[in-house]
Amino acid sequence: ASRSKPRAGSSFRKRYGVVYDTDGPRVRLGVAWFAVAFVAIVAGPLATAVVYGGAAAVAAAQTARVWRKGTPQPSDLMAAGGAGLMAAGACFGSGGAGLGILGCVALAFVGSAGDPSRNPRIVDIGWTLQCALFPGAVAVAMVLLTRLDQGSAIGLLLLVSAYEIGDYIVGSGSPNAFEGPGAGAAGIVVITFILSTLPISALSFGQAWVLGGAVALLAPAGQLVASALLPSAAAPASALRRLDSLLIAGPLWAVAVTAVL
């Protein structure tokens, strides 16, 4: 008897789709994260660097650890240090963020020097950087936004939080991959209306709607990128999943706000 081939769509979802973790008090943890992140942004760039840099460091370490179960041998310690260093550098502006990235690269080289892996050194350096740079870029974006316009940073936090709430509540119980992101996009529309009509940020009405619409597309794209950064979509990396909606939206939002303000 012949076997039927798996559908391309189902294979793509299995590798890159979002796996909703429904064990434990996920909603309460999400609310707690929002509260901590909000207070950090209000407090200023340093507090934002501590909160988002800490989350990025944990995300980088978790990502490295799940890869170390296979052939790649990234350094979880140096990946965490590199992501945190990027966040710390961003406290001093874009130049400081650039120095933080250079420091991240240096740490990746240091980590590979003492690694007994049989892989070529440059390969493990690359894996360490892959684990560190993406979550580190989220932290950099949030810190730079807080320095430039706290209202815009708060607005981005509200947008991705609205997306994540809708996506989780609807998507975790949906048999398809579209209802969750659709519900998240609906939440973004509500928050974008608030951002465009109230003086929360320095963005104009049109700018708020353009950037809000971009987040509706970029947040789910960030979730796919997070899955691509892991050996499988179901790999345990809760801190990376906490930041995944910002993996693309965060850096691009920061660049866009810098350009228009």
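You'll find the structure just up there.
In this text the structure is predicted, and so the values were computed from the model without any measurement.

Next up on the list: the environment of Val-210. Mapped onto the elements, Val-210 comes out in helix α9 (residues 205-228). On the basis of relative accessibility, which here comes to 60%, the residue Val-210 falls in the exposed class. In the structure, Val-210 is positioned 153 residues away from Ala-57 in sequence and 31 Å away in space, judged by C-alpha atoms.

Once that is clear, we can look at the packing of aromatic side chains. Per the counting criterion, the structure on display carries four aromatic pairs. Ring centres of Trp-33 and Tyr-52 lie 5.4 Å apart, and the angle between their planes is 80°; on these two criteria the pair is classed as edge-to-face. Of this pair, Trp-33 sits in helix α2 (residues 26-43) while Tyr-52 sits in helix α3 (residues 45-67); the two residues are 19 residues apart in sequence, bridging distant segments of the chain. Judged by relative accessible area, Trp-33 falls into the buried class, the value being 17%.

What follows concerns the nonpolar core. Residues Tyr-52, Leu-156, Val-215, Leu-240, Leu-243 and Trp-253 are the most contacted members of the largest nonpolar core, which totals 63 residues. The element contributing the most residues to this core is helix α6 (residues 121-148), with eleven residues. Among all residues touching Leu-240, those that are not within four sequence positions of it are Ala-59, Gln-62, Thr-63, Ala-226, Leu-229, Leu-230 and Leu-247.

A word on the pattern of salt bridges. Across all of its chains, the model carries three salt bridges by this definition. Arg-242 is the salt-bridge partner of Glu-164, the closest N and O atoms lying 3.8 Å from each other. Residue Glu-164 is located in helix α7 (residues 150-171), and its partner Arg-242 is located in helix α10 (residues 238-243); the two are separated by 78 residues in the primary sequence. Look at Arg-242 and you get partly exposed, because its relative accessible area is 27%. One salt bridge in this structure joins Asp-244 and Arg-241, with 3.5 Å as the shortest N-O distance.

Conventions used here
- Each residue is numbered by its place in its chain's sequence as written, counting from 1.
- Local features in this predicted model are restricted to residues of pLDDT 70 or higher, and side-chain atom pairs are both shown and tallied only at a pLDDT of 80 or more, whereas totals for entire chains, interfaces and linings draw on every residue.
- Note that the side-chain values use all heavy atoms of the structure and ignore hydrogens as well as water.
- The helix and strand labels rest on DSSP assignments: H or I over at least four residues marks a helix, E over at least two residues marks a strand, and numbering proceeds from the N terminus.
- Think of it in three bands: residues with accessible area under 20% of the maximum for their type are buried, residues over 50% are exposed, and the middle band is partly exposed, with areas taken using a 1.4 Å probe on protein chains only.
- Stacked, edge-to-face and tilted labels apply to pairs of Phe, Tyr and Trp rings (six-membered ring for Trp) whose centres lie within 6.5 Å, assigned for plane angles under 30 degrees, over 60, and everything in between, in that order.
- As used in this record, nonpolar core signifies buried Ala, Val, Leu, Ile, Met, Phe, Trp, Tyr and Cys residues forming a set joined through side-chain atoms within 4.5 Å.
- Should any heavy atoms of two residues lie within 4.5 Å, those residues are considered in contact.
- The salt bridge criterion pairs a side-chain nitrogen of Lys or Arg with a carboxyl oxygen of Asp or Glu, the two atoms within 4 Å.

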